[in-house]
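The residues making up each chain are set out below.
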Amino acid sequence: MSYQETAQITVDNSDALVDDVITITVHGLGAGQRITLRAQMQRDGRTFGACAWFTADDNGVIILARDASTGGTYEGISPMGLFWSMKSAPDQPYGLRLLVRNASFALICDIAAFPGHVNFAEVFNPDHVPMCTRSIRRWYMSRGVQKTPVRQGRLRGTMFIPPGRGPFPGVIDMFGTAGGSIEFRAALLASRGYATFALAYMRYQDLPLNISDVNFEYFIEAVEWFARQEHVDSENIGAIGVSKGGEIALHMAYFTDKIKAAVSINGAPFFTHVPMMYRNSPLGQSIFSKDNVILTDEGILTKDMMDCEIEKYLPIWKKDVNVLLINGANDECLHPKILRTLYDLYPGDRKHLCQLYAYKDAGHLIEPPYAPLARVTKKQNETVADHEKGASIPT
């Protein structure tokens, strides 16, 4: 019997949450045998993949949590390397983002083992037949989480309630100007014990198509409504957002005392591109130059377009609210210096209210753990989702 017939992939949890660390093991190999593992995942017409090179031990076993990858899309020891190092498959547009709008369905990931050390393109060649395969499911929403569409007045989005009696700490979750109702982070937070509101604010149902038509009263209404829900601890509510959603989260924390904590993932302390109206007055506008926008195969690079004088920064340090700033040092949309400047503006006696985490090689779109990475807002997104079309300067 050949190793082609005896090789087997096992996992300790084939039905896990996406941020669970799972153990992947390959058995039935020859001592010192070289193989390539490939992970492949499809979602909404997009295909992502990763590969890694391994050499079996004397017992013909490879354990990803123990053994280092020596090539492929990642190197070194990383039990979840096949997931976080995923990128666009060879036949896909470069730099696609995994954007899960409906969290009710699992991500299906197929893992395959190929003989020898082969490159990324080769493991997607249909002429290469794997030795063995294994499919696993990875979820954003755990069993027992209640999911409810929200259509309350003009508010739109989705509520997620953890199992149990509650009330639970609450989180309002927002994304950028891709628009729509994007559920995956809110569903995962609910799976970890938070009542969450995935708040849509444009390009969804009857909401405005353009960010210039969104007013800030909408977000204050969302906070007030969310705080009244019976499963939500009204004294323990936070807001989280990425890009434009991060800008909004910081402003929500400043303009309403009901928000006790705010997380901004590469979202500026001012409104970029256009001001947002509140009580018939603009909250502020960044200084920007469309001449500094760069279009590349990777996406839309805007970090040199948006800047602002310090005196126009939102003075969030004056509020008794805990702030977490997540900063991608390789962000090509928002210049990394902006969140560093905001952190530095906190006086010494207020510094305890703010934390800044800067990630050396991370880009603009920092997602929950073990997901494909994206450095910039992707222009190819327009070809995937019709509602994203028409965004001149997405963030």
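Look up: the structure comes first, before these words.
In what follows, the accompanying structure is described. Predicted, not measured: the structure shown is a model, and the values here were computed from it.

## Some remarks on the side chain of E367
Positionally, E367 belongs in the loop between β23 (354-359) and α8 (381-384). The exposure class assigned to E367 is buried, which follows from its relative accessible area of 15%. Within the structure, E367 has its side chain in polar contact with the side chain of R97 (distance 2.7 Å). Contact partners of E367, with chain neighbours within four places excluded, come to R97, L98, F175, F184 and P372.

## Here we look at the pattern of salt bridges
One pass over the structure, following the stated rule, counts 16 salt bridges. D57 is the partner of R66 in a salt bridge, and the nearest nitrogen-oxygen pair spans 2.9 Å.

## A word on the packing of aromatic side chains
Counted according to the given criterion, the structure contains 16 aromatic pairs. Ring plane angle 65° and centroid distance 5.1 Å describe the contact between F120 and F124, whose orientation is recorded as edge-to-face. Comparing F120 with F124, the two get one shared label, buried. Aromatic side chains Y254 and F255 sit 5.0 Å apart centroid to centroid with 80° between the ring planes, which places their arrangement in the edge-to-face category. With a relative accessible area of 23%, Y254 lands in the partly exposed category. One aromatic cluster is present, built from ring pairs that chain together Y201, F216, Y218, F219, Y254, F255, F271 and Y278. The positively charged end of R38 is found above the aromatic ring belonging to F124, 5.3 Å away from the centroid. Of note, K319 hangs over the ring of Y254, and the distance from its end group to the ring centre comes to 5.8 Å.

What counts, and at which threshold
- Residues numbered from 1 in each chain as written.
- Predicted model: local features only at pLDDT ≥ 70, side-chain atom pairs only at ≥ 80, totals over all residues.
- Heavy atoms only, no water.
- Helix = DSSP H or I, 4+ residues; strand = E, 2+ residues; numbered from the N terminus.
- Buried < 20%, exposed > 50% of the residue type's maximum accessible area, 1.4 Å probe, protein only.
- Polar contact = N/O pair within 3.5 Å; in protein donor to acceptor, adjacent residues only side chain to side chain.
- Contact = heavy atoms within 4.5 Å.
- Salt bridge = Lys/Arg side-chain N within 4 Å of Asp/Glu carboxyl O.
- Phe/Tyr/Trp six-rings, centres within 6.5 Å; stacked < 30°, edge-to-face > 60°.
- Lys NZ or Arg CZ within 6 Å of the ring centre and 35° of its normal.

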